Amino acid sequence: MKQTEITNPIWAYFVLIGGGIFAFSTLPGMLLLMTVPFWKPDEISFFSILFMVIGLCVLIVIGWGMKKAFVAIKTYRAWLKTVDPVVGEKPIELIGGKGEKIAEPFDDGPEKKKKPIWPWIALAPGALLLVSSGPGVLMLPIAPLFLAGMSTDSGNTPGYVPGMIIVIGYGLLIGYIVLVVKAIKRLRAK
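Being a predicted model, the structure only gives us computed values, none of them experimental. (Residues numbered from 1 in each chain as written. Predicted model: local features only at pLDDT ≥ 70, side-chain atom pairs only at ≥ 80, totals over all residues. Heavy atoms only, no water.)

A.B. asks: Sorry, what's going on with the overall build of the chain here?
C.D. replies: Helix and strand content of the chain: five helices and zero strands. Beginning at the N terminus, the succession of helices and strands in the chain can be written as α-α-α-α-α. Burial status across the chain gives 18% buried among its 190 residues. Here the contacts in the chain between residues at least 6 apart in sequence split such that 66% fall between residues at least 24 apart. Total accessible area computed for the chain in this model is approximately 14,500 Å², and 73% of it derives from carbon and sulfur atoms. (Helix = DSSP H or I, 4+ residues; strand = E, 2+ residues; numbered from the N terminus. Buried < 20%, exposed > 50% of the residue type's maximum accessible area, 1.4 Å probe, protein only. Contact = heavy atoms within 4.5 Å. Areas by Shrake-Rupley, 256 points an atom, 1.4 Å probe, with all protein chains shown as cover.)

So, in structure tokens, the structure goes:
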């Protein structure tokens, strides 16, 4: 493998830390939800089985993501041990007794492009929402419909309000999804 192919997997640290916090905060509730059919067999329904399967799938995805992140960090650290630590460092210009240079700094080649910070700013609110809401994040796709339905409970709500809530809610969701996709593409660009 070339030396320039492996980079520090910063994403892996976020996945490990975020997945650990998410799993730590939601694991007891998910385990309780998944075992409801066993300790309350009279309450088994389609929805209890559906929620049990969703909880199990979320736990599997978290475990898979954390495993991939751990392997990426482990591979990067093993690669660092095989690389010469002096490679890439510029030597100091040494001046001889008569003022001539003994050593010249070598050229590192083309400068690496610095990655912008806006993708991290765009991804942070979604990560915080995911970690803070736990399994409640599964309701996010139907939240505008739920809010539109709740807005019709009062008798004097104009007819256009539920439609506006749905349009604005799904517009925000779609806009944020597009922003996240662009941020991930920008971070993965070399």
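A.B. asks: Would you mind showing me how to read helix α5 (residues 160–188) here?
C.D. replies: Working note: α-helix, 3.6 residues per turn, so residues spaced by three or four point in the same direction. Across its 29 residues, α5 extends 42 Å between first and last C-alpha, which sits within 8% of the 42 Å expected from 1.5 Å per residue. Those residues of α5 that fall on the buried side of the exposure criterion are Pro162, Gly169, Val180, Ala183 and Leu187. Contact partners of the buried residues in α5: α3 (118–133) and α4 (143–151). (Expected span 1.5 Å × (residues − 1).)

A.B. asks: Even after reading the chapter, I still don't get the environment of Tyr170, so can you show me in this structure?
C.D. replies: Relative to the helices and strands, Tyr170 resides in helix α5. Between the alpha carbons of Tyr170 and Pro144 there is a distance of 6.7 Å; along the sequence they are 26 residues apart. Beyond its immediate chain neighbours, meaning those up to four positions away, Tyr170 contacts Pro141, Ile142, Pro144 and Leu145. In terms of polar contacts, Tyr170 uses its side chain to reach the backbone carbonyl oxygen of Pro141, at 2.7 Å. (Polar contact = N/O pair within 3.5 Å; in protein donor to acceptor, adjacent residues only side chain to side chain.)

A.B. asks: So what exactly am I meant to see when it comes to the nonpolar core here?
C.D. replies: In globular proteins that are soluble, nonpolar side chains generally tend to be buried together. In terms of nonpolar packing, the biggest core is built from six residues, these being Phe22, Ala23, Met30, Met34, Leu59 and Ile62. Listed by contribution, the elements that provide at least two residues to this core are α1 (10–39) and α2 (46–82). Dropping the residues within four chain positions of it, Phe22 is found in contact with Leu27, Met30, Val58, Ile62, Leu130, Val131, Gly134 and Pro135. (Core = buried A, V, L, I, M, F, W, Y, C linked by side-chain atoms within 4.5 Å.)

A.B. asks: Honestly, the environment of Ile168 in this entry has me stumped. Any pointers?
C.D. replies: Topologically, Ile168 is positioned in helix α5. Judged by relative accessible area, which is 48%, Ile168 ranks as partly exposed.

A.B. asks: Hey, could you run me through the confidence of the model for the chain in this one?
C.D. replies: Low pLDDT marks stretches whose predicted atomic positions should not be read closely. Of all residues in the chain, 81% have pLDDT values of 70 or greater, and the mean over the chain is 78. For the chain, per-element mean pLDDT is lowest for α1, which scores 81, and highest for α5, which scores 91. Between residues 88–96, whose pLDDT stays under 50, and residues either more than four places distant or in other chains, the model counts 20 contacts. Across residues 102–107 the pLDDT falls below 50, and counting only partners more than four positions away or on other chains, this stretch makes 13 contacts in the model. (pLDDT = per-residue confidence, 0-100.)

A.B. asks: What is the right way to read the side chain of Ser151 from this model?
C.D. replies: With respect to the secondary-structure elements, Ser151 resides in helix α4. Residues within four places of Ser151 in sequence aside, it is in contact with Thr157, Val161, Pro162 and Ile165.

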